[in-house]
Amino acid sequence: MDNGASSYRRFLDGDDKGLAEIVRDYSDGLTLYLNGIVNNISVAEELMEETFFKIITRKPRFKAKYSFKTWLYTIGRNVAIDYIRHNSKRLNTPFDDIENTLQDEYDLEKLYIIEERRIIVHRALKKLNAEYRQVLWLLYFEGLSNAETAIVMKKNARQMKNLVYRAKNALKSELNKEGFVYEEL
């Protein structure tokens, strides 16, 4: 039984300090999680309070099948979904549209991160010697094959293989200097 579960058990047995420990340990994380759903920190704080209010008033049974945090966040998620459904009726916006809007915002954030990575890569490319920059540009930005790039750069297959290897290592070195985290080059 994790700490949250033991604190909740103490609360159910009449010890209010158990509830205080739960609120202290989980309120910030729960608020941030709920903010990710409703995209409004003020509303997220209200939903966090409502989640704890449900625990206090209804005293739902905790099943140790999952961690206490998972159980608490599930209750919080349900509270947030109820809030969105209730407000979507008032705003005449279907729940699916709100869910799609949240997905669109997530996609925009991903696109922004991808664009920021491209900028960093372009900056690092500018620091490489011309031949390295050219081979990487042709391969990765223009989408040419190694054979096609070899023809453009007037290199044989072995020279091309060595050039690509050295260019990738040089780019990785430049990216590491900037603290760039890359999946694979």
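Coordinates for the structure precede this section.
Residues numbered from 1 in each chain as written. Predicted model: local features only at pLDDT ≥ 70, side-chain atom pairs only at ≥ 80, totals over all residues. Heavy atoms only, no water.

(A) The packing of helix H7 (residues 146-153) against helix H8 (residues 157-177), seen in detail. Following both chains from N to C, one finds H7 and H8 inclined at 100 degrees, their axes separated by 10 Å at the closest point. Compared by their axis directions, H7 and H8 come out roughly perpendicular. Residues Asn146, Thr149, Ala150 and Met153 of H7 form the contact with H8, whose own contacting residues are Met160, Leu163 and Val164. Its residues placed into classes, the contact of H7 with H8 shows five nonpolar, two polar and no charged. (Axes fitted to C-alpha atoms, helices over the stretch in contact; angles between N-to-C directions. Helix = DSSP H or I, 4+ residues; strand = E, 2+ residues; numbered from the N terminus. Parallel < 35°, antiparallel > 145°, perpendicular 65-115°, else oblique. Contact = heavy atoms within 4.5 Å. Nonpolar A, V, L, I, M, F, W, Y, C, P; charged D, E, K, R; others polar.)

(B) Quick look at the side chain of Lys54. Tracing the backbone through its elements, the reader meets Lys54 in helix H3 (residues 41-58). No salt bridge forms around the buried Lys54; measuring N to O, its nearest opposite-charge neighbour Asp82 is 4.3 Å away. Setting aside chain neighbours within four positions, we find Lys54 in contact with Lys59, Pro60, Val79 and Asp82. (Buried < 20%, exposed > 50% of the residue type's maximum accessible area, 1.4 Å probe, protein only. Lys, Arg positive; Asp, Glu negative; His and termini not counted. Salt bridge = Lys/Arg side-chain N within 4 Å of Asp/Glu carboxyl O.)

(C) Up close: helix H6 (residues 130-141). Spanning 12 residues, H6 covers 15 Å between terminal C-alpha atoms, matching the ideal 16 Å at 1.5 Å per step. Within the sequence span of H6, burial applies to Tyr132, Val135, Leu136, Leu138 and Leu139. In a view along the axis of H6, the buried residues occupy a sector of 165 degrees, so they form one face of it. Capping of H6 at its N-terminal end is provided by Asn129; its side-chain oxygen lies 3.0 Å from the backbone amide nitrogen of Glu131. Positioned one or two residues after H6, Gly143 has a phi angle of 75 degrees, which is positive. (Expected span 1.5 Å × (residues − 1). Arc of directions from axis to C-beta. Polar contact = N/O pair within 3.5 Å; in protein donor to acceptor, adjacent residues only side chain to side chain.)

(D) Representation of the packing of helix H2 (residues 16-38) against H3 within the structure. Packing of H2 against H3 leaves a shortest axis separation of 8 Å and a crossing angle of 135 degrees. When the axis of H2 is compared with that of H3, the two are oblique. Considering only the axes of H2 and H3, their crossing is right-handed. Along the contact surface, H2 presents Leu19, Ile22, Val23, Tyr26, Ser27, Leu30, Thr31, Leu34, Asn35 and Val38, while H3 presents Ile41, Val43, Ala44, Glu45, Leu47, Met48, Thr51, Phe52 and Ile56. (Left-handed = near helix turned anticlockwise from the far one by under 90°.)

(E) Geometry of the environment of Tyr8. Assignment of secondary structure puts Tyr8 in helix H1 (residues 3-12). According to the relative accessible area criterion, Tyr8 is buried, its value standing at 1%. Spatially, the C-alpha atom of Tyr8 lies 6.4 Å from that of Leu19, the residues being 11 residues apart in sequence. In this structure Tyr8 touches Ile22, Ile55, Lys59, Pro60, Phe62, Phe68 and Trp71, once residues within four positions along its chain are discounted.

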